Amino acid sequence: MKEMELVGVRIELPSNAPIVLLRETDGEGRLLPIFIGGAEAQAIALAMEEVETPRPMTHDLFKDVLDQLGVRLERIVVTELRDRTFYAELELAGGNGNGARRISSRPSDAVALAVRTGAPIFAAESVLEAAGHTVDPENAEGDEPPPEEVLDQFREFLDQVTPEDFNG
């Protein structure tokens, strides 16, 4: 498992397909693009911007239910890529004393919930090997490039890739 950070959500042109972009926090710093739905992209973007809606959105409601039940989202894991579809799991702990639980989830929903709870995001090494994109290191001192630079490099990558390229 590799820890990831959420870089952002963007719209891939010309297809107008929303993408969530995760980056490996250590090692090669690989980027993991995951094509998602528009509603999920909006839910993630709102959470990243800490926008409070007049009524709870679905992911806010789910977080509130977990909080009321005394359950913590320990982490999310993008577990596999099969037939061009990413799979993820929520790792939950607490509640009625039944120990840790793993629940299957779409990666977009898992990320939306992780942003709201502050839970760490992980990806299986096999997923990164199949769909990860290595960013060229530009700084010999080992400093991270600014986020804009990472997004520019990723945009260049997206110009050359289609969803079919992620066929595992």
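Our structure is the block above this text.
Residues numbered from 1 in each chain as written. Predicted model: local features only at pLDDT ≥ 70, side-chain atom pairs only at ≥ 80, totals over all residues. Heavy atoms only, no water.

Participant: Let's hear about helix H3 (residues 107–117): which residues, and what values?
Facilitator: By the criterion of burial, H3 is predominantly enclosed, with 8 of the 11 residues buried. For H3, every residue scored as buried is listed here: Pro107, Ser108, Ala110, Val111, Ala112, Leu113, Ala114 and Arg116. Directly beyond the C-terminal end of H3, a positive phi value near 80° is found at Gly118. (Buried < 20%, exposed > 50% of the residue type's maximum accessible area, 1.4 Å probe, protein only. Helix = DSSP H or I, 4+ residues; strand = E, 2+ residues; numbered from the N terminus.)

Participant: I'd like to hear about the side chain of His59, residue by residue, with values.
Facilitator: Along the polypeptide, His59 turns up in helix H2 (residues 58–69). With residues up to four places along the chain from it excluded, the contact list for His59 reads Ala43, Asp109, Ala112, Leu113 and Arg116. (Contact = heavy atoms within 4.5 Å.)

Participant: A description of the environment of Arg101 should follow, citing residues and the corresponding values.
Facilitator: Counting through the fold element by element, Arg101 comes out in strand E6 (residues 101–105). Judged by relative accessible area, Arg101 falls into the partly exposed class, the value being 43%. Along the primary structure Arg101 and Glu91 are separated by 10 residues, whereas in three dimensions their C-alpha atoms are 5.8 Å apart. With residues up to four places along the chain from it excluded, the contact list for Arg101 reads Leu90, Glu91 and Leu92.

Participant: So, the packing of aromatic side chains: which residues are in play, and what are the values?
Facilitator: Across all of its chains, the model carries 0 aromatic pairs by this definition. One Lys or Arg, Arg75, reaches over the ring of Phe122 and ends 4.6 Å from the middle of that ring. (Phe/Tyr/Trp six-rings, centres within 6.5 Å; stacked < 30°, edge-to-face > 60°. Lys NZ or Arg CZ within 6 Å of the ring centre and 35° of its normal.)

Participant: Kindly report on the packing of H2 against H3, identifying the contributing residues and their values.
Facilitator: Between H2 and H3, the least distance of the axes is 9 Å, while the angle of their chain directions is 60°. With respect to each other, H2 and H3 are oriented oblique. Along this stretch, H2 crosses H3, giving a crossing that reads as right-handed. Of the residues in H3, those touching H2 at His59, Asp60, Phe62, Lys63 and Leu66 are Asp109, Ala112, Leu113, Arg116 and Thr117. (Axes fitted to C-alpha atoms, helices over the stretch in contact; angles between N-to-C directions. Parallel < 35°, antiparallel > 145°, perpendicular 65-115°, else oblique. Left-handed = near helix turned anticlockwise from the far one by under 90°.)

Participant: Any chance you could break down the pairing of strand E5 (residues 85–94) for me, citing the residues and the numbers?
Facilitator: Strand direction decides the pairing type here: strand E4 (residues 71–82) and E5, joined by 10 bridges, are antiparallel. Directly across from Arg82, in E5, lies its bridge partner Thr85. Following E4, the chain reverses through 2 residues before pairing antiparallel with E5; Asp83 in that reversal takes a positive phi of roughly 50°. (Pairing = 2+ DSSP bridges.)

Worth remembering: the numbers are spatial, not functional.
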